[in-house]
Amino acid sequence: MKTGNQSIETDFILSGLFQYGRMGTFLFVAIVILFAVALMGNIILILLIRLDTRLHTPMYLLLSQLSFIDIMNISTTVPKMTTDFLTNSKTITFLGCEIQTFVFIVLGGTEALLLGFMSYDRYVAICHPLHYPVLMSKKICWFMVTCAWTSGSINALGHTLYVFHLPFCRSRVINHFFCELPSLLQLVCQDTSTYEYTIILSGLIILLLPFMAVLASYARVLTVVFQMSSGKGQRRAISTCSSHLIVASLFYVTGLSTYTRPHSLHSPEQDKAVAVFYTIITPLLNPFIYSLRNKEVIGAMRRLLA
C-alpha cells in the first residue's frame, strides 16, 4: 500500500446504491429500517434457540447457523454502504475490498449449502421419521455445518486470491455498492474469459446443486403429505413448504443470475438490484419465515416472555 498522495491509487471507489436527493434519502431510510429489522429478527431467533432446551435439535442448530450467516451477510455490506452515504466518502481500501469480497463469498456459499442441508433435514423428518435420530444425529448435523463452512471458505479463498492478483489498470470505480466478483472483473485490463468459466462452474456447484436438492426434497415431502388423510395436515405442510421454497428460490435464483452469466451480459444497474435480494431481502425474510410459521419457536418465545 502506497502512502501519501499516492495511496488513492490503490483504493477503490464504490458508486453506491443511493443517489443524493429526495429519492436517495427515502431509499437510504428504507434500507436502514430493513437492516435493523433483519438484525433484530435473526438475533432474537438465535437467542430463543440458545435459551430454550426444547429447541436443541439438529433442525434448530442448522437454523441458528442460518441466522448467524444472515447477520454477518447483511452486516458485510449495509453498514459500509450507509456510512458512505452519510459521509459522502465512497472510497474503500484495496485490503478492505479484498476482505469484503472474501467474507461475502464465504457467507454466500455456506448459506447455499446450508439451505440444502436444511431441506434434507425436513425430508428425513417427514418421509423417514423413524430413522430421523440416526440419519440426523447431532454428530451428522455438526458434520454438515463443518462441510458447509469449509467448502464456502475454500471456494472464497481461491476466487479472492486469484482476482486480487490480477492487474487493475482501468478506472478504480466499482459500479456497485460493495466489492463483488463480477463488478471487479470489469476493472481488470487483461482477458478474463477463461476465469469467468471457473466462476460459472463454481456457481453451478455451490448454488445450482443445492437448489436442485432443495426442490427434490420438498417435492418428495409434498408427495408424502398428499398421501395423508388429514386435510389440515396437508394445508399446514403445503403452507410451510411453499414459504420455505419461496425464500430459498429467491436466494438461489438471484445468486445464479449473478454468478452464472457471462461478463458480457452483466448490467451494473441490474446487478445492483439483484444483489439487494440476496444481501438484504433474504436475511430479512429468513428469520420470519422459519420462525413465525413454526409453533415450537412461537412456544419458546411465549415461555421466554412469561
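Residues numbered from 1 in each chain as written. Predicted model: local features only at pLDDT ≥ 70, side-chain atom pairs only at ≥ 80, totals over all residues. Heavy atoms only, no water.

Going by what an unreviewed UniProt entry lists, the protein is known as Olfactory receptor and is assigned to Ursus maritimus. As its UniProt record puts it under Sequence similarities (unreviewed entry), the protein is described as follows: "Belongs to the G-protein coupled receptor 1 family." (UniProt positions renumbered as here; feature names shortened; annotations may be inferred.)

Some details on the pattern of salt bridges
Within this structure, the stated rule accounts for five salt bridges. Salt-bridge contacts for Lys80 lead to Asp84; the nearest nitrogen and oxygen are separated by 3.1 Å. Taken as a pair, Lys80 and Asp84 lie in helix α2 (residues 58–87) at a separation of four residues, close to a single helical turn. Lys80 sits in the partly exposed class, given a relative accessible area of 23%. The residue Asp121 makes a salt bridge to Arg122 at a minimum N-O spacing of 2.8 Å. (Salt bridge = Lys/Arg side-chain N within 4 Å of Asp/Glu carboxyl O. Helix = DSSP H or I, 4+ residues; strand = E, 2+ residues; numbered from the N terminus. Buried < 20%, exposed > 50% of the residue type's maximum accessible area, 1.4 Å probe, protein only.)

Side note on helix α1 (residues 22–51)
Compared with an ideal rise of 1.5 Å per residue, which puts 30 residues at 44 Å, α1 spans 44 Å between its outermost C-alpha atoms and is within 8% of the ideal. Buried residues of α1: Gly24, Phe28, Ile31, Phe35, Ala38, Gly41, Asn42, Leu45, Leu48 and Ile49, and no others. Where the residues of α1 are buried, they touch α2, α9 (268–291) and α10 (295–305). (Expected span 1.5 Å × (residues − 1). Contact = heavy atoms within 4.5 Å.)

Details of the state of the cysteines
A complete count under the given rule lists two disulfides for this structure. Covalent S-S linkage joins Cys97 and Cys179, the inter-sulfur distance amounting to 2.0 Å. Taking the torsion about the S-S bond as the criterion, the Cys97 to Cys179 disulfide, at about -125°, is left-handed. Of the two residues, Cys97 sits in helix α3 (residues 94–127) while Cys179 sits in the loop between β3 (173–174) and α6 (181–185), which places them 82 residues apart along the sequence. Comparing Cys97 with Cys179, the two get one shared label, buried. By sequence order of its bonded cysteines, the protein has the disulfide arrangement 1-3, 2-4. (Disulfide = S-S within 2.5 Å.)

A short note on the packing of aromatic side chains
Aromatic ring pairs are reported here in terms of the distance separating the ring centres and the angle at which the planes meet. Enumeration over the complete set of coordinates arrives at 14 aromatic pairs. Taking the centre distance of 4.7 Å and the plane angle of 20° together, the rings of Phe28 and Phe85 count as stacked. Of this pair, Phe28 sits in helix α1 while Phe85 sits in helix α2, and the two are 57 residues apart along the sequence. Pair check on accessibility: Phe28 and Phe85 agree, each one buried. With a centroid separation of 6.1 Å and an interplanar angle of 50°, the aromatic rings of Phe164 and Phe168 are classed as tilted. The same class applies to Phe164 as to Phe168, namely buried. Among the aromatic side chains, those forming a connected cluster through ring pairs are Phe12, Phe94, Phe164 and Phe168. In this arrangement the basic side chain of Arg172 is found over the ring face of Phe12, its NZ or CZ atom lying 4.6 Å from the centre. (Phe/Tyr/Trp six-rings, centres within 6.5 Å; stacked < 30°, edge-to-face > 60°. Lys NZ or Arg CZ within 6 Å of the ring centre and 35° of its normal.)

Some thoughts on the UniProt feature "transmembrane region" (unreviewed entry) in the protein
In the UniProt entry, the feature "transmembrane region" (unreviewed entry) is given for residues 26–48, 60–79, 99–120, 140–164, 197–216, 237–255 and 275–293. Structurally, residues 99–120 comprises 100% helix and 0% strand, and the distance from its first C-alpha atom to its last is 32 Å.

Quick notes on the sheet that holds strand β1 (residues 12–14)
Taken together, the three strands give an open sheet; going across it, the order is β2-β1-β3, and neighbouring strands pair in mixed fashion. The open sheet has two edge strands with one neighbour each: β2 (91–92) and β3. Sheet topology places β1 next to β3; two bridges connect them, and they run parallel. Within the sheet, the bridge partner assigned to Leu14 lies in β3 and is Ile174. (Pairing = 2+ DSSP bridges.)

A word on the packing of α3 against α9
At a minimum axis separation of 13 Å, α3 and α9 run at an interaxial angle of 35°. For the element pair α3 and α9, the recorded crossing hand is left-handed. Between α3 and α9, the residues in contact are Phe104, Glu111, Leu115 and Met118 and Tyr278, Thr279, Thr282, Asn286 and Tyr290, respectively. Classifying every residue of the contact of α3 with α9 by side-chain character gives five nonpolar, three polar and one charged. (Axes fitted to C-alpha atoms, helices over the stretch in contact; angles between N-to-C directions. Left-handed = near helix turned anticlockwise from the far one by under 90°. Nonpolar A, V, L, I, M, F, W, Y, C, P; charged D, E, K, R; others polar.)

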